[in-house]
Amino acid sequence: MMGKLLRRIRDNRTMQLLIISVVIAIVLLAFWYFRTNPVLPQLTIHFLNDVQLPEEGQTVLIFSPHPDDETIACGGYIIESVKRGAKVIIVLITDGNRRSLRDLRYVEFETATGILGVPRENLVFLNYPDSLLSRQNQQQLQEVLAAQIKEFKPDILFYPHPEDNHGDHYTTGRLVEKILEEMQEKIEDMEKLEGLEDLIKEEVLEEMVEVEELVEQMITYLYLVHHKDYPHPKKYAPDLFILPPLDLITLDGGWEKLMLSEETKQLKERALRAYISQLTNLLLKNLMEASIRENEIFAVEWPE
């Protein structure tokens, strides 16, 4: 039947022209769409895989550069993790003191994360100066972040996307990427030394085994907050889906979604509105409210 159809097309000039016209129209329509829209069409949300939620007793570790990033990017995931009996640890990296509001922002942070279900004892404050992470000793900062991973041994790790436009975010993202790369290198070194364990110092061997076990168990997700095309549109639109910016979609880097129930959306919005100091700034208010959507999305891998 297919051969008969192909022969008809080959012998029918009008049909050939029609097919060519349709193909050209589709190409032009796609070109127009991608020139005028910074994100994928709304319906493509259904083609994204679902993120993996933790099981009861597992640990979720979230690196948050500022008070509010954890709620904007991962609020729904935090809520669902707590519901499932997971332990959520949030490491707040900076003091949020850019506008001399440190104490207030810390109170807002504790209030918002409490609404999400995270107890005070699961909050870690590193107290680095807001907006100045790139000026800190990068090796020292990397060691501090690595120590958090080593201490909490997360089953699931969240950290900022290294292509986030905010300096504190991309600094954190790139340092965590380096930590993960070095952990992988240690595993590769261990594989090369297979059969020579007796020649390795016991404490060194124990560390390499610990790193290997951690890497094997750990799932990593990257989140985005600051980007010219994310979220799109930057306004309160809770019935829309959040989708990744077109310029951050690659063959190597996939994105996954977490669909939010109405109850979870409302709880996330309540937590976001605890950041009263941020909501007085119109640009920040638009960004924060734009994160209240039908879903959250996370990158699962980001190529060098």
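Located above this text is the structure these notes cover.
In this convention, every chain numbers its residues from 1, walking through the sequence in written order. Restriction of local features to residues with pLDDT of at least 70 applies here, the model being predicted, together with a cutoff of 80 or more for giving and counting side-chain atom pairs; totals for whole chains, interfaces and linings are based on all residues. Hydrogens and water molecules were not included; the side-chain quantities draw on all heavy atoms of the structure.

1. Here we look at the overall build of the chain
Link 1 in the chain: Helix and strand assignments come from DSSP, with helices taken as H or I runs of at least 4 residues and strands as E runs of at least 2, each series counted from the N terminus. Scanning the chain from terminus to terminus reveals ten helices and eight strands.
Link 2 in the chain: Here the term buried applies to any residue with accessible area under 20% of the maximum for its type, exposed to any over 50%, and partly exposed to those in between, with areas from a 1.4 Å probe on protein chains only. Classification of the 304 residues of the chain by burial places 46% in the buried group.
Link 3 in the chain: Whether two residues are in contact is decided by their heavy atoms: any pair within 4.5 Å suffices. For the chain, contacts bridging at least 24 residues in sequence account for 80% of all contacts bridging at least 6.
Link 4 in the chain: Reported accessibility uses the Shrake-Rupley method at a 1.4 Å probe radius. Residues are deemed covered only where the shown protein chains occlude them. A total accessible area of about 16,200 Å² is found for the chain, and carbon and sulfur atoms account for 54% of it.

2. Focus on the packing of helix 3 (residues 69–83) against helix 8 (residues 262–272)
What describes two packed helices is the angle between their axes and the distance between those same axes.
Link 1 in the chain: The axes are straight lines fitted to the C-alpha atoms, using for helices just the contacting stretch, and the angles between their N-to-C directions are given from 0 to 180°. It is at 9 Å that the axes of helix 3 and helix 8 come closest, and there the two elements cross at 125°. Taken together, helix 3 and helix 8 sit at an angle that is classed as oblique. In this structure, the crossing between helix 3 and helix 8 has a hand that is right-handed. Two secondary-structure elements touch here, helix 3 through Thr-71, Ile-72, Gly-75, Gly-76, Ile-79, Glu-80 and Lys-83 and helix 8 through Glu-263, Thr-264, Leu-267, Lys-268, Ala-271 and Leu-272. Oblique is the label for any angle not under 35 degrees, not over 145, and not in the 65 to 115 range, which are roughly parallel, roughly antiparallel and roughly perpendicular in turn. For any pair of crossing helices, the crossing counts as left-handed if the nearer helix is rotated counterclockwise from the farther one by less than a right angle, and right-handed if it is rotated clockwise.

3. Focus on helix 4 (residues 102–116)
Link 1 in the chain: Multiplying one less than the number of residues by 1.5 Å gives the expected span of a helix. Taking 1.5 Å as the rise per residue, helix 4 with 15 residues should run 21 Å; its terminal C-alpha atoms sit 21 Å apart, in good agreement.
Link 2 in the chain: Residues of helix 4 that are buried include every one of Arg-105, Tyr-106, Glu-108, Phe-109, Ala-112, Thr-113, Ile-115 and Leu-116, and no others.
Link 3 in the chain: Looking at the buried residues of helix 4, the elements they touch are helix 3, strand 3 (87–94), strand 4 (123–128), helix 8 and helix 9 (276–279).
Link 4 in the chain: Immediately beyond the C-terminal end of helix 4, within one or two residues, lies Gly-117, with a positive phi of roughly 110°.

4. Side note on the side chain of Asp-229
Link 1 in the chain: The topology assignment puts Asp-229 in the loop between strand 6 (219–223) and strand 7 (255–259).
Link 2 in the chain: By relative accessible area, which is 16% here, Asp-229 ends up buried.
Link 3 in the chain: Among the polar contacts listed, one links the side chain of Asp-229 to the side chain of Lys-228, at a separation of 2.8 Å. Within 3.5 Å is the distance limit for a polar contact, defined as a pair of N or O atoms, with the added protein rule that one can donate a hydrogen and the other accept it, and that residues adjacent in sequence qualify only through two side-chain atoms.

5. Some remarks on the pairing of strand 3
Link 1 in the chain: Counting buried residues along strand 3, seven of its eight residues qualify, which places the element largely inside the surrounding structure.
Link 2 in the chain: Direction of pairing for strand 2 (residues 59–64) relative to strand 3: parallel, over a ladder of six bridges. Bridging across to strand 3, Ser-64 finds its partner in Leu-92.
Link 3 in the chain: Throughout, right-handed denotes a crossover for which the path from the first strand over the helix to the second runs clockwise when the strands point away from the viewer. Handedness of the crossover joining strand 2 and strand 3 through helix 3 is recorded here as right-handed.
Link 4 in the chain: The pairing of strand 3 with strand 4 spans four bridges and is parallel. Following the sheet pairing, Ile-90 is matched in strand 4 by Leu-123. Two strands form a pair only when DSSP identifies at least two bridges running between them.

6. A closer look at unusual backbone geometry
Link 1 in the chain: A cis geometry characterises the amide bond from Tyr-230 onward to Pro-231, with omega recorded as -15°.
Link 2 in the chain: Relative to the assigned elements, Pro-231 resides in the loop between strand 6 and strand 7.
Link 3 in the chain: In this model, His-232 is joined to Pro-233 through a cis peptide bond whose omega is -5°.
Link 4 in the chain: Here Pro-233 is to be found in the loop between strand 6 and strand 7.
Link 5 in the chain: Non-glycine residue Asp-68 carries a positive phi angle of around 120°.
Link 6 in the chain: For Asp-68, the position within the fold is in the loop between strand 2 and helix 3.
Link 7 in the chain: With a relative accessible area of 5%, Asp-68 lands in the buried category.
Link 8 in the chain: The backbone phi angle of Asn-127 is positive, close to 65°, even though this residue is not glycine.

7. Observations concerning empty space enclosed by the protein
Link 1 in the chain: The way it works is a 1 Å grid over only the protein atoms, where trapped points that fit a 1.4 Å probe form a cavity and open points with protein on both sides within 12 Å along at least five of seven lines form a pocket, and then any residue with an atom within 4 Å of a point lines it. Grid points are joined across faces, edges and corners, and a volume is the space filled by probe spheres set on the points. Throughout the structure, instances matching the rule amount to one cavity of 30 Å³ or more.
Link 2 in the chain: Its volume calculated, the largest cavity comes out at about 30 Å³.
Link 3 in the chain: Lining the largest cavity are Ile-72, Leu-224, Val-225, Tyr-230, Pro-231, Ile-242 and Ser-291.
Link 4 in the chain: We call Asp, Glu, Lys and Arg charged. Ala, Val, Leu, Ile, Met, Phe, Trp, Tyr, Cys and Pro are nonpolar, and the rest, Gly among them, are polar. For the lining of the largest cavity, the class distribution of residues is six nonpolar, one polar and no charged.

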